[in-house]
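# A closer look at the structure
Residue-level listing of the chains:
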Amino acid sequence: MKFNIAVLAGDGIGPEVMEQAQKVSEAVAQKFGHEITWKPALTGAAAIDAVGEPYPDSTHQVCLASDAVLFGAIGLPRFDNDPSAKVRPENGLLQMRKQLGLFANLRPTFTFPSLLDKSPLKKERIEGTDLVFLRELTGGIYFGEKGRRDGGETAFDNCVYTRMEVQRLAKKGFELAMTRSNRLCCVDKANVMETSRLWRETVQAMEKDYPEVTVSYELVDAVAMRLVQWPNTYDVLITENLFGDILTDEASVISGSMGLMPSASMGSDIALFEPIHGSYPQATGLNIANPMAMVLSAAMMFEIAFNLPEEGKVIRDAVNKALAEGIVTEDLADGGKAYGTKEVGDWLAANI
Ligand code: IPM
Ligand code: MN
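Residues numbered from 1 in each chain as written. Chains lettered and ligands numbered in written order. Predicted model: local features only at pLDDT ≥ 70, side-chain atom pairs only at ≥ 80, totals over all residues. Heavy atoms only, no water.

## Some remarks on the packing of helix α7 (residues 163-178) against helix α8 (residues 194-206)
Direction vectors running N to C along α7 and α8 enclose 50°, while the axes themselves pass 9 Å from each other. The angle between α7 and α8 falls in the class oblique. For the crossing formed where α7 meets α8, the hand is right-handed. Side by side, α7 and α8 meet where R163, V166, Q167, L169, A170, K171 and F174 of the first sit next to L198, W199, E201, T202, V203 and M206 of the second. Per-class residue counts for the contact of α7 with α8 are eight nonpolar, two polar and three charged. (Axes fitted to C-alpha atoms, helices over the stretch in contact; angles between N-to-C directions. Helix = DSSP H or I, 4+ residues; strand = E, 2+ residues; numbered from the N terminus. Parallel < 35°, antiparallel > 145°, perpendicular 65-115°, else oblique. Left-handed = near helix turned anticlockwise from the far one by under 90°. Contact = heavy atoms within 4.5 Å. Nonpolar A, V, L, I, M, F, W, Y, C, P; charged D, E, K, R; others polar.)

In structure tokens:
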């Protein structure tokens, strides 16, 4: 098969980890007889510096014309430390999600047998964890009206959801649950928030259409607690944008390193794949960043965007083998030999 893949490497370690994901994807393409055409495009601080905006229309056009988007990371400290900055790399990310209609963000958390001791949580608590968050990505407080009043002394961010937005996300949640253990957890704050009551009411009304699926409704604060207490009791969790942002960072520590977790963002058409870690600016150019989350994002791309599970599995197997054999970057080296970003990428490609 032939694919056009948009490459939005972004800032910080984005370009370095992206290079490894491309290398690994090329190895897979060669093995299975596919042909990939890479379409690089600017985003984030790199795009602000080049053309003055973080998600230029030229980049949007490249994404629209591609079969999938691989996204590295965006953000640089010079923007974080300036609350008055008018254009921020993060705006580009939000704009991109909105313009590409990527309303469903799939963030899996799983453990690697060889890394059970790396997690800050006790091994017996995390063993067997294999859960997936489906985070709503284009609504809620991220996109509601925001501003200042009273001469700047009062600030507000509105949280807004429509029934349709909840339904389309929940539909993906029910469908995903049916491919797994038929358990779905709806995470909300229905004891306090009106948007959460709309979520709960909407999901409850959909239950009859999915009789195989057992739905539980849990409050977000309780989930935050149980997630680190008994993570292996969860399977598919659906939630709104901000709750999902926070809980998925929390969940990522279960696996032992943020540098390991991939994600997929989907809508009705194009899908985007990115690691859940950020741009890690301190590590830029040092060849120390863990490329595995980016590489596993490419695995998700083969599985979800191209419907090629075998190709995805080959990548996952190579990553598991690297972890088991200690071909890892310094975040996982634990005093042992640390390999460079590039060397890990080379090893993975060679083993595919
Ligand atoms: C994420 C990030 C973004 C978010 C930021 C960079 C805007 O934290 O993808 O989780 O909050 O959604
Ligand atoms: Mn986040």
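## Concerning the nonpolar core
Within the largest apolar cluster, 78 residues are counted, with the highest numbers of intra-cluster contacts made by L70, F112, F174, V203, L323 and L348. If one sorts the elements of this core by residue count, helix α11 (residues 292-305) sits on top with nine residues. If you count residues domain by domain, this core takes at least three from each of domain 1 (1-105 + 261-352) and domain 2 (120-255). Once residues lying within four places of it in the same chain are set aside, the contact partners of L70 are I5, A6, V7, L8, M18, W38, F273, M294, S297, A298 and M301. Counting residues in each nonpolar core, the second largest holds 16 residues, with L131, Y234, L237 and L247 among its members. (Core = buried A, V, L, I, M, F, W, Y, C linked by side-chain atoms within 4.5 Å. Buried < 20%, exposed > 50% of the residue type's maximum accessible area, 1.4 Å probe, protein only. Domains from an automatic or database assignment.)

## Topic: the site of ligand 1
In the vicinity of ligand 1, the residues found are E90, L93, R97, R107, R135, Y142 and D245. In the model, an oxygen atom of ligand 1 is placed 2.9 Å from a nitrogen or oxygen of the R107 side chain. For ligand 1, an oxygen atom lies 2.9 Å from a polar atom in the side chain of D245. The leading source of residues in the shell around ligand 1 is helix α5 (residues 89-99), at three residues. (Near = heavy atom within 4 Å. Polar contact = N/O pair within 3.5 Å; in protein donor to acceptor, adjacent residues only side chain to side chain.)

Distances and angles like these do not, on their own, reveal function.
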